[in-house]
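# Descriptive structure summary
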Amino acid sequence: MERLSQTLARKDSAATPLPDFLPSLHDAGVRLRRAQVSLVVGRPGSGKSLFGLHAALHSGVRVLYVSADTDRRTMTFRAAANLMCETVNSVESMVGTSAQDMVEDAVSEVDARVAFDWTSSPTLRDIELEVQAAEEMWGDWPDLLIVDSLYNVRADDTGDDYAAMRRVIEACHDLARSTNAHVMVLHHASLNRSKEDEPAPMSAILGQVSALPELILSVMLDEEERDVYKVGVVKNRSGAASSKARNQVRLAVDIARMRLYTDRAALSHAEKTREWQ
């Protein structure tokens, strides 16, 4: 038991935001806060892993990325493309040639603070052990844990997928509280309960796992405007939200280079910079 005055006297960083990695999200009141859980949802191919990877590479904090959904080679090429501002295809063509040194130099820039686990179907215990290993490596807990994706994590063998998903979210909630990290979980939305041209609403989230996360973002790549990436703020305990995903932030995206930008002006600037190099 604790009085509120005692809580205020604590030197506690719980609920304080991590550094912003996209200013337009911050402007919309979207912050990744310590000791909390966020859920990033979308239909297949909506760019969930793109969002998680960009956050990992540009948040500037210690990150453990559990990449159960994407294999290590594909994710490494994507990360290098993001960091080098090169296309994924270009990065892949460099590997195995004299240009591989350039790729290695790029990824080494984040090696000190970003680590990956490649287990394809991790258990909750596997994730806990990886978090502990990260604490031993860094001398402190990760600031950001990304689980990609919820569906790949094995919680039990009861055969009830939805109950297992809820168990994973509960475990992530406990892990966030015990480590003071922000835990970002990537998850699928139903194809049948959402419009293809808009971010999925809360009702489309598979498994009824929307109760515990403090923040839920619904993401999608716009099929008509190929440089637009929509983020629907479905739930936000620290700001405005809409369960129908009507409260949206429009980011710019360069999907070939696996990069997100705060707006089209920033994307245009990056394109012009490459032209002059």
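Residues numbered from 1 in each chain as written. Predicted model: local features only at pLDDT ≥ 70, side-chain atom pairs only at ≥ 80, totals over all residues. Heavy atoms only, no water.

## Description of the sheet that holds strand E9 (residues 259-261)
- The strand order across the open sheet built from nine strands is E3-E2-E4-E5-E1-E6-E7-E8-E9, with neighbouring strands paired in mixed fashion. Strands with a single pairing partner mark the edges of an open sheet, and in this sheet they are strand E3 (114-117) and E9. Neighbouring strand axes in the sheet, compared pairwise and without regard to direction, differ in orientation by 25 degrees on average.
- Summarising the sheet, strand E8 (residues 248-254) and E9 pair through three bridges and their orientation is antiparallel. Note on E9: the bridge partner recorded for Ala252 is Tyr261.
- This element, helix H8 (residues 161-179), spans strand E1 (37-42), strand E4 (144-148) and strand E5 (182-188) of the sheet and lies at about 165 degrees to E5.
- Together, strand E7 (228-236), E8 and E9 form the strand contacts of helix H9 (residues 264-276), whose direction differs from that of E8 by roughly 10 degrees. (Pairing = 2+ DSSP bridges. Helix = DSSP H or I, 4+ residues; strand = E, 2+ residues; numbered from the N terminus. Axes fitted to C-alpha atoms, helices over the stretch in contact; angles between N-to-C directions. Contact = heavy atoms within 4.5 Å.)

## Structural notes on the pattern of salt bridges
- The full count for this structure, using the stated rule, is 13 salt bridges.
- Its salt-bridge partner being Asp143, residue Arg34 comes within 2.9 Å of it at the nearest N-O pair. Taken together, the residues Arg34 in the loop between helix H2 (23-27) and E1 and Asp143 in the loop between helix H7 (124-138) and E4 connect sequence positions 109 residues apart.
- For Arg34, a relative accessible area of 19% corresponds to the buried category.
- For Asp143, a relative accessible area of 6% gives the class buried.
- Linked through salt bridges whose partners overlap, the residues forming this network are Arg34, Arg62, Asp140 and Asp143. (Salt bridge = Lys/Arg side-chain N within 4 Å of Asp/Glu carboxyl O. Buried < 20%, exposed > 50% of the residue type's maximum accessible area, 1.4 Å probe, protein only.)

## So, the packing of helix H4 (residues 72-84) against helix H6 (residues 100-108)
- Two numbers describe how H4 lies on H6: the axes approach to 9 Å, and their chain directions differ by 85 degrees. Comparing the axis directions of H4 and H6 gives the class roughly perpendicular. Counting all contacts with H4, which are made through Ala80, Leu83 and Met84, the residues of H6 involved are Met102, Val103, Ala106 and Val107.
- In the contact of H4 with H6, the residues fall into seven nonpolar, no polar and no charged. (Parallel < 35°, antiparallel > 145°, perpendicular 65-115°, else oblique. Nonpolar A, V, L, I, M, F, W, Y, C, P; charged D, E, K, R; others polar.)

## Notes on empty space enclosed by the protein
- A complete count under the given rule lists two cavities of 30 Å³ or more for this structure.
- By volume, the largest cavity is sized at about 80 Å³.
- Of the residues belonging to the lining of the largest cavity, the class tally is nine nonpolar, no polar and two charged.
- Of the voids in this model, the second largest cavity is the one considered here, and its volume is about 40 Å³.
- For the second largest cavity, the full set of lining residues is Gly29, Arg31, Arg33, Gln36, Glu214, Leu215, Asn236 and Ser238.
- Of the residues contributing to the lining of the second largest cavity, the split by class is one nonpolar, four polar and three charged. (1 Å grid on protein atoms, 1.4 Å probe; cavity = no way out; pocket = protein on both sides within 12 Å on 5 of 7 lines; lining within 4 Å. Points joined across faces, edges and corners; volume = space filled by probe spheres on them.)

## A few points about the packing of aromatic side chains
- Summed over all chains, the structure comprises three aromatic pairs.
- A network of ring pairs unites the aromatic residues Tyr65, Phe116 and Trp118 as a single cluster. (Phe/Tyr/Trp six-rings, centres within 6.5 Å; stacked < 30°, edge-to-face > 60°.)

## Observations concerning the pairing of E4
- Burial analysis of E4 places five of its five residues in the buried class, the great majority of the element.
- Here E4 shows a buried face lined by Leu144, Ile146 and Asp148 and a second buried face lined by Leu145 and Val147.
- Sheet topology places strand E2 (residues 63-67) next to E4; five bridges connect them, and they run parallel. The residue of E4 that forms the bridge with Ser67 is Asp148.

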